[in-house]
Each structure stands twice: as C-alpha cells, then as structure tokens.
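Inside the fold
Chain by chain, the residues:
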Amino acid sequence: MRTGPRRVFAQLSSTSPPAHPVRLVDTAVVLGGSVAGLLAARVLADHARSVLIIERDAPAGGGRRGVPHGLQIHLVLAGGRVQLERWFPGFGEQAAALGAVLVDPAHSAAFSDGLRRVNVQEDVVLSCSRPFLEKQLRDRVLALPTVRFLTGQACGLDIDATAVTGVRYRRDGVQHVQSADLVVDAMGRSSRLSDWLEHAGWKRPPLRRVPTDVNYATGFFRREPGLPDVANVVARHRPGSPVSRVGVASLKAIEDDRWQITLACSGEDPTGSDVDEFMALCRSELPSFFGDAVDGDPVGPIETFHQADSRRRDFCADSVPARLIAVGDAVASFNPVYGQGLSSAALHASCLAAYLQSSPHLTAPARSFFAMQRVVVDAAWEISTAADKARHHPDGSPSWRERLGRWIRAEVQTASATDVVVARRFRAVTVMLEHPAALLAPGLVARAVLINLRNRLADGLGRQSIRPRRAECAASTGTKSRCISSALTRALDALTLIAATVRPRAS
Ligand SMILES: Cc1cc2nc3c(=O)[nH]c(=O)nc-3n(C[C@H](O)[C@H](O)[C@H](O)COP(=O)(O)OP(=O)(O)OC[C@H]3O[C@@H](n4cnc5c(N)ncnc54)[C@H](O)[C@@H]3O)c2cc1C
C-alpha cells in the first residue's frame, strides 16, 4: 500500500517515544556532535549498546569554529520543539529554569510589510541563543549512560563490499580506527561523506543548489530582567517593500537578560557590522519593539554571516553502503530565514527512530530511512526554495505545476495575513507541524482566493465596508462591487461552515 507524503510526515511528527525500543547493534558512531548529531545519538541510545559521538570541537559555551553561524538568531519552530520534548521530556521547562525564555502567544507579534498579522500562535516558543540550546541538548544526551563524546576529526570510513564497518578519525595528530555497526553522518553542510564514498568506489549522492545570497547581522542588547510585554517579534518585508530594506527582522528575549536581534537581507546588506547603523535601522524601519530593544546597551559586536545557497544531497538507497545514515545539514541545508534547520534535524531523528524501530536488516542499505527522510527534506525544500527559485530562475522556466504551486502559495500566504482560518493552516505548515500538501486542500485555496478578492474589492472601495450585509447591499444604489463583496462574504461564511463540519483528511 502506498503512503502519501502528508501521512508519512504526520507519522514522523509523532510526539510519543517508542514504547519498547529494539536493541539492534553494539556500537553506533555519530560523526558531528551538533544539533543533528546529538538528536541522532539520543535515538541511537535506545537501539545500541554504546553510542560514540566524534566531534571536532571540544564542548564549549558561546560560538565555536564548527558552527560559524552559531551566534545568529535560531528560532526553534513548533515542529522541532515538540520533537525536543518527545526525546527529552521537560526540555523547555528545564531550559527556562536555566535562563531561557518561554514565550506564550500573548507575548509574540508578527508583521508583514509593517502591518501586524493576525496572531494564530498556539504554542509556547522556546527563546534562547543557539549555543545555549546546544549545551542543554548536549548535557541531556551525555547524561545517558551509554553515550560518550570524543573530541577528534573524522577523516574517513572503512567500507567492505557492501557495508560500512568503521570510522577513521584523528586526535592529537594521531589517526585511529573505531569499528562501528552503524555510522551516522551529522557533519553539517560541509560534510566530506560524498568524497569518502567516491574514494571507496561508491557513487556520490547528487548535489542540488539553489542560490540564496542571504546576509545576516545579529546584535545583542541588554534588557530588563523578567518577561517583557513582547518577547518574540518577526517582521517580514517583500523585496522592494517601501517599509524597510530588511527582508526579515527577528527579535527575541534570551538568557542572561539580553535581546538578540537579527536583520537578514537577500543581496546587499544594509547594515554591515557597524553597531550605530544597526541601531539606526532598528529605530527607523522596523516596528517600535526593535527601536526600544536597541535602547539597551550593546553586548559585544554585531556578528555577520553570509550564506550563498540552499543545498541538498539526494541519497539514493541503492548507491549507499549498508549501515550508513546521514542527517541534518549534511543532507539538506536551507535558506535560514525560514528557520527550518533545527526542526528538520529533529524530524530526521524521528526518521531514524521509525527506521530502527522497524527492526531493519542492517546488511542492506537503509532504504526506508532515506525514503522517509526525503519526505521531510522535500517539505522543507519546497517552502524554502520557492522564492529563491523564482528570484534566480536556476532551472530555466518553471513548469505549469510549479507556476500553479507558486500561485496557490502566494494566495494562501496573502490571505493568512488577515484570516484566522487560513493563517492557522499556513502557520502549521511553516512551523513544520504539517506537510505543505495541506495548503493545497481545495476548501482552503478557495477560501484564500475569496478572502483576497474581497480584500482587494474592499481596498477598491476605500475600505468603507469590509463585510456589508445583504440588506445594506440591496438598499444601496446597487453598486456592483458592493454586491460582489457581500456575495464573497457569504461564500466565505459557507466555506467556514463546511471547513468546520468536514474534518481534513491526511492523504
Ligand atoms: C545564519 C543562519 C541562521 C539560521 N537560523 C536558523 C533558525 O532560526 N532556526 C533553525 O532551525 N535553523 C537555523 N539555521 C540552520 C541551522 O543552523 C542548521 O540547520 C543546523 O546547525 C544543522 O545542524 P547540524 O547538526 O546538521 O550541522 P551543524 O550545526 O553545522 O554541525 C556540524 C557539526 O559537525 C562537526 N564536524 C564537521 N566536520 C567534522 C569532522 N570531520 N569530524 C568531526 N566533527 C565534524 C562540526 O564541528 C559541527 O559541530 C540557521 C543557519 C544559518 C546559517
């Protein structure tokens, strides 16, 4: 029986840990001890007698060499947050006890081109810096009795005719070999796994790139202790928006009584690393929360980062040796403005759990793992590359399917700024709780199109009456557009009724 991507995605988003994990291997080795590696190690701890994480950087607070973007803002989307709680029950509360800020919907705000969006956040957002998050994760993983952390640089794999048998790594200038029953590549987007496979006579997984050309600038500012009135703000602007040159601006209250503010732009960076320019831009072009935040003293310099492209490696199970898995950015890394990386890594861990729980034959390549992971990667890729593809046209002219997809997404996105029903579904997809196919539901698309038509009409009428009543309409001198607007309103009400009675089916 074929299972559609929406259903697979829903299964992977499960919040319950496996009830009776099956112990399958003696030694599992994870290469890379960042977020994806730590989450994979947590899953493996249920299925291996021992788990060894080999990481180039020694555990440290603050920024580190292996994660040069670590000081930029990192939002944990709801889809990733539920997975953190799944694998580490009480993660959010524990992080909050150590200084992270838990932000409920009443303390969050989002803006599109300067206008405040309807707020449909239902979950509590975990707000902290990336190094803080990583430390909490590492502490929880290393508290597991079977997990060890080794500082060393992985430099190759041992592969026999069909399967990976071990890992080579360097430590203090000396090369070592560690035998392994299962190896996980979590070495991030610059992973050398493809080179190693090719060197051993296997096919390199094809690499796809879509230019992003995105520039980040992040500043930290002192804030009053306690939960501020608004602790989590995102302001987005369309390219060429008259409101601001900043594409996405984010503001978060984080640990140590600091604000973290990130300004991200595609193309030319309007701020550079000058703290005065950064503060001036926050005061002049962004919602007032940003200006208020930069009234606090700056803490450290403005940190900048450039990302040139989104990239994905399409692992085909037929051309990978057995006993080999890859997770996180080593498989796919996205335009960061969509904040999908950490949540994708968490869902890859979910794929690993589902794979191992199915008691697979480890003598064969991890076919079902890569199939599930492809669903997760496709979902994030579709959302995060759509605008960049349209901007850069790397694939030539788009097919009619792509054009239709773009049109539908644009309609749904536009309607989501003002309509709660559309906004809820749109948010569920963008925070990775649901597969993007959910946006194609005919009822939702029809509703979005009608909302947008009505709003355009209302704009045309100078917003005199957004929801005119039938009597009003008849009593009026019968302007055509008022009647159309009223009819659209009634159609919308009918759609809402249908949507409320018919439960959406996962396909
Ligand atoms: C500017 C920016 C902002 C972002 N914002 C967000 C956000 O808001 N929300 C979000 O979810 N995601 C965000 N991301 C994406 C997120 O940072 C990544 O998806 C995430 O770091 C991926 O984790 P990972 O563990 O796969 O890889 P990485 O975090 O890159 O870690 C790879 C690890 O492997 C280690 N390593 C590499 N080579 C070796 C080797 N040979 N031997 C041993 N160890 C090795 C490195 O030292 C490192 O620790 C952002 C990314 C960028 C660039």
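This section reports on the structure supplied with the text. This is a predicted model, so every value here is computed, not measured.

Counting its secondary structure elements, the protein chain contains 15 helices and 18 strands. Taking all contacts inside the protein chain whose residues are at least 6 apart in sequence as the whole, residues at least 24 apart take part in 72%. Only carbon and sulfur atoms are counted for the fraction: they give 54% of the accessible area of the protein chain, which is about 22800 Å².

Time to look at the sheet that holds strand β9 (residues 164-171). Here we have three strands laid out as an open sheet, ordered β8-β9-β10, and antiparallel in their pairing. Across the chains shown, the open sheet's two edge strands, defined by having one partner strand only, are β8 (153-159) and β10 (174-179). Mean inter-strand twist for the sheet, computed between neighbouring axes without regard to direction, equals 25°. The pairing of β8 with β9 spans six bridges and is antiparallel. Across the sheet, residue Gln-153 finds its bridge partner in β9, namely Arg-170.

On to the site of the ligand. Residues in contact with the ligand amount to 33 residues; listed here are only the nearest, Glu-55, His-74, Arg-130, Asp-329 and Leu-342. Note that a nitrogen atom of the ligand is positioned 3.3 Å from one of the backbone N or O atoms of Ile-73. Looking at the shell around the ligand, the elements with two or more residues in it are α2 (35-44), β2 (48-55), β8, β16 (303-313) and α9 (341-357). For the shell around the ligand, the two domains that each supply at least three residues are domain 1 (25-61 + 135-206 + 314-385) and domain 2 (210-307).

This part is about the pattern of salt bridges. Scanning the model with the defined rule gives 31 salt bridges in all. Close ionic contact of Glu-134 with Arg-64 constitutes a salt bridge, the shortest N to O distance being 2.9 Å. Separated by 70 residues along the polypeptide, Glu-134 in helix α5 (residues 130-142) and Arg-64 in the loop between β2 and α3 (78-87) bring together distant segments of the chain. The burial state of Glu-134 is the same as that of Arg-64; both residues are buried. Where Arg-427 meets Asp-123, a salt bridge forms, and the shortest distance between an N and an O atom there is 2.9 Å. Residue Arg-427 is located in helix α12 (residues 420-430), and its partner Asp-123 is located in the loop between β5 (115-116) and β6 (125-127); the two are separated by 304 residues in the primary sequence. Taking the relative accessible area as the measure of exposure, Asp-123 reaches 23% and is therefore partly exposed. Through salt bridges with shared partners, a single network forms among Glu-55, Asp-57, Arg-64, Arg-130, Glu-134 and Arg-138.

Interhelical geometry of helix α11 (residues 400-416) versus helix α13 (residues 442-460) gives an angle of 60° and a closest axis separation of 8 Å. Considered as vectors, α11 and α13 are oriented oblique to each other. The chirality of how α11 crosses α13 is left-handed. Contacts from Trp-407, Ile-408, Glu-411, Val-412, Thr-414 and Ala-415 of α11 reach α13 at Leu-444, Val-445, Ala-448, Val-449, Ile-451, Asn-452 and Arg-456. Its residues assigned to classes, the contact of α11 with α13 shows nine nonpolar, two polar and two charged.

What follows deals with the nonpolar core. Core analysis: the biggest nonpolar cluster contains 86 residues, and Leu-31, Leu-44, Leu-157, Ile-325, Leu-352, Tyr-355 and Phe-369 have the highest contact counts within it. Per-element tally for this core: the top contributor is α9, with ten residues. Here Leu-44 is in contact with Ala-28, Val-30, Val-51, Leu-182, Val-184, Leu-352 and Leu-356, once residues within four sequence places are set aside. Core analysis: the second largest hydrophobic core is formed by 27 residues, Ala-217, Met-279, Leu-286 and Ile-302 among them.

Time to look at the packing of aromatic side chains. All chains considered together, the criterion is met by seven aromatic pairs. Their ring planes at 50° and their centres at 6.1 Å tell us that Phe-88 and Phe-91 sit as a pair that is tilted. In this structure Phe-91 comes out as buried when scored by relative accessible area, which is 1%. Ring plane angle 75° and centroid distance 5.2 Å describe the contact between Phe-369 and Phe-370, whose orientation is recorded as edge-to-face. For the pair Phe-369 and Phe-370, a shared accessibility class is recorded, and that class is buried. Among the aromatic residues, ring-to-ring pairing joins Phe-315, Tyr-355, Phe-369 and Phe-370 into one connected group. The ring centre of Trp-381 lies 5.4 Å from the NZ or CZ of Arg-312, which sits over that ring.

Criteria and thresholds
Numbers given for residues are sequential positions, taken from 1 along each chain in its written order. This being a predicted model, a pLDDT of at least 70 is required before a residue's local features are given, and a value of 80 or more before pairs of side-chain atoms are given or counted; all residues contribute to the totals for chains, interfaces and linings. Hydrogens and water are ignored here; the side-chain numbers use all heavy atoms of the structure. Starting at the N terminus, helices and strands are each numbered in turn, a helix being any DSSP run of H or I of at least four residues and a strand any DSSP run of E of at least two. Whether two residues are in contact is decided by their heavy atoms, any of which lying within 4.5 Å being enough. Here, Shrake-Rupley sampling with a 1.4 Å probe gives the accessible areas, and only protein chains in the shown set may cover a residue. The criterion for strand pairing is that DSSP finds at least two bridges linking the strands in question. In this analysis an axis means a line fitted to C-alpha atoms, helices contributing only their contacting stretch, and an angle means the value between N-to-C directions, from 0 to 180 degrees. Nearness here has a simple test: a residue counts as near a molecule or strand if at least one of its heavy atoms is within 4 Å of that partner. Any pair of N or O atoms that falls within 3.5 Å is considered a polar contact. Within protein, one atom must be able to donate a hydrogen and the other to accept it, and sequence-neighbouring residues count only if both atoms are side-chain atoms. Start and end positions for the domains come from either an automated domain assignment or a database one. Here a salt bridge means any side-chain nitrogen of Lys or Arg lying within 4 Å of a carboxyl oxygen belonging to Asp or Glu. In this scheme, a residue with accessible area under 20% of its type's maximum is buried, one over 50% is exposed, and one in between is partly exposed, where area comes from a 1.4 Å probe on protein chains only. Roughly parallel means an angle under 35 degrees; roughly antiparallel means over 145; roughly perpendicular covers 65 to 115; every other angle is labelled oblique. Each crossing gets its handedness from the near helix: less than a right angle anticlockwise from the far helix is left-handed, clockwise is right-handed. Just so you know the grouping, Ala, Val, Leu, Ile, Met, Phe, Trp, Tyr, Cys and Pro go in nonpolar, Asp, Glu, Lys and Arg go in charged, and all remaining residues, Gly too, go in polar. The definition of a nonpolar core used throughout is a set of buried Ala, Val, Leu, Ile, Met, Phe, Trp, Tyr and Cys residues joined through side-chain atoms within 4.5 Å. Here is the rule: rings of Phe, Tyr and Trp (six-membered ring for Trp) pair when centre to centre is within 6.5 Å. Planes less than 30 degrees apart are stacked, more than 60 are edge-to-face, and the remainder are tilted. Put simply, a charge is over a ring when the Lys NZ or the Arg CZ is close to the ring centre, within 6 Å, and near the line of the ring normal, within 35 degrees.

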